[in-house]
Amino acid sequence: LIGGIVGITVGLIGAVVGTRASVRATKGPEERRFIVRASIVMWIAVLIFLGVLFLLPSPIRYFAWVPYLLGLPFGLRYMNKRQQEIREREGSSRGYPSN
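Because the structure is predicted, anything quoted here is derived from the model rather than measured. (Residues numbered from 1 in each chain as written. Predicted model: local features only at pLDDT ≥ 70, side-chain atom pairs only at ≥ 80, totals over all residues. Heavy atoms only, no water.)

Enquirer: What am I meant to see in the packing of aromatic side chains here?
Expert: The geometry of an aromatic ring pair is captured by two quantities: the separation of the ring centres and the angle between the planes. All told, the structure shown has three aromatic pairs when counted by the stated rule. On the numbers, 4.9 Å between centres and 80° between planes, the contact of Phe49 with Trp65 is edge-to-face. Taken together, the residues span a long stretch of sequence, with Phe49 in helix H2 (residues 29-55) and Trp65 in helix H4 (residues 65-94) at a distance of 16 residues. Residue classification places Phe49 among the buried residues on the basis of a relative accessible area of 8%. A ring pair is formed by Trp65 and Tyr68, whose centres lie 5.8 Å apart and whose planes are at 90°; its orientation type is edge-to-face. Here Trp65 pairs with Tyr68, and both are found in helix H4, just three residues apart, close to one helical turn. Among the residues examined, Trp65 registers a relative accessible area of 36% and is labelled partly exposed. Here the guanidinium or amino end of Arg82 rests over the ring plane of Phe34, the centre of that ring lying 6.0 Å away. (Phe/Tyr/Trp six-rings, centres within 6.5 Å; stacked < 30°, edge-to-face > 60°. Helix = DSSP H or I, 4+ residues; strand = E, 2+ residues; numbered from the N terminus. Buried < 20%, exposed > 50% of the residue type's maximum accessible area, 1.4 Å probe, protein only. Lys NZ or Arg CZ within 6 Å of the ring centre and 35° of its normal.)

Here you go:
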């Protein structure tokens, strides 16, 4: 029980710190808006996934992993690509070199 509580607490703290670091690392207002929206979507998706895991009965709940494991890599790939596009567009409009 204590391990579960500590694990959840450490996981939540890590997620909050990671989200905050992602937002602070943005280089422009459009990129920041995108990262905030993407973070909200990811938080909601993970909370729904965890809710499904805890609420569905045992044999059925394992099927929740299928959309999660398929959606996560594609979602992350899309978000990284979109963020790079925004960063390049904002950088070129301000005269900054893109990374």
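Enquirer: What exactly am I supposed to notice about the environment of Thr19 here?
Expert: One can find Thr19 in helix H1 (residues 2-24). Those residues in contact with Thr19, other than ones at most four positions away along the chain, are Ser39 and Trp43. At 3.0 Å, the side chain of Thr19 and the side chain of Trp43 are in polar contact. (Contact = heavy atoms within 4.5 Å. Polar contact = N/O pair within 3.5 Å; in protein donor to acceptor, adjacent residues only side chain to side chain.)

Enquirer: Looking at this structure, I do not really get the nonpolar core. What am I missing?
Expert: When a protein is soluble and globular, its nonpolar side chains tend to lie buried together. Counting six residues, the largest nonpolar core is built from Val23, Phe34, Ile35, Ala38, Met79 and Ile86. If you list the elements that add at least two residues to this core, you get H2 and H4. Counting residues per element, this core draws most heavily on H2, which supplies three residues. (Core = buried A, V, L, I, M, F, W, Y, C linked by side-chain atoms within 4.5 Å.)

Enquirer: Help me understand the pattern of salt bridges in this model?
Expert: Two side chains of opposite charge can pair, provided their charged atoms sit close to one another. Taken as a whole and assessed by the stated rule, the structure comprises three salt bridges. For Glu30, the salt bridge goes to Arg89, with nearest N and O atoms at 2.5 Å. Residue Glu30 is found in helix H2, and its partner Arg89 is found in helix H4; the two are separated by 59 residues along the sequence. Accessibility expressed as a relative area gives 24% for Glu30, which makes it partly exposed. Salt-bridge contacts for Glu31 lead to Arg87; the nearest nitrogen and oxygen are separated by 2.7 Å. Of this pair, Glu31 sits in helix H2 while Arg87 sits in helix H4, and the two are 56 residues apart along the sequence. (Salt bridge = Lys/Arg side-chain N within 4 Å of Asp/Glu carboxyl O.)

Enquirer: Whenever I open this one, the side chain of Glu90 confuses me. Can you help?
Expert: As for its position among the elements, Glu90 is in helix H4. A polar contact is formed between the side chain of Glu90 and the backbone nitrogen of Glu30, at a distance of 2.7 Å. Look past the residues within four positions of Glu90 in its chain and what remains in contact with it is Lys27, Gly28, Pro29, Glu30 and Glu31.

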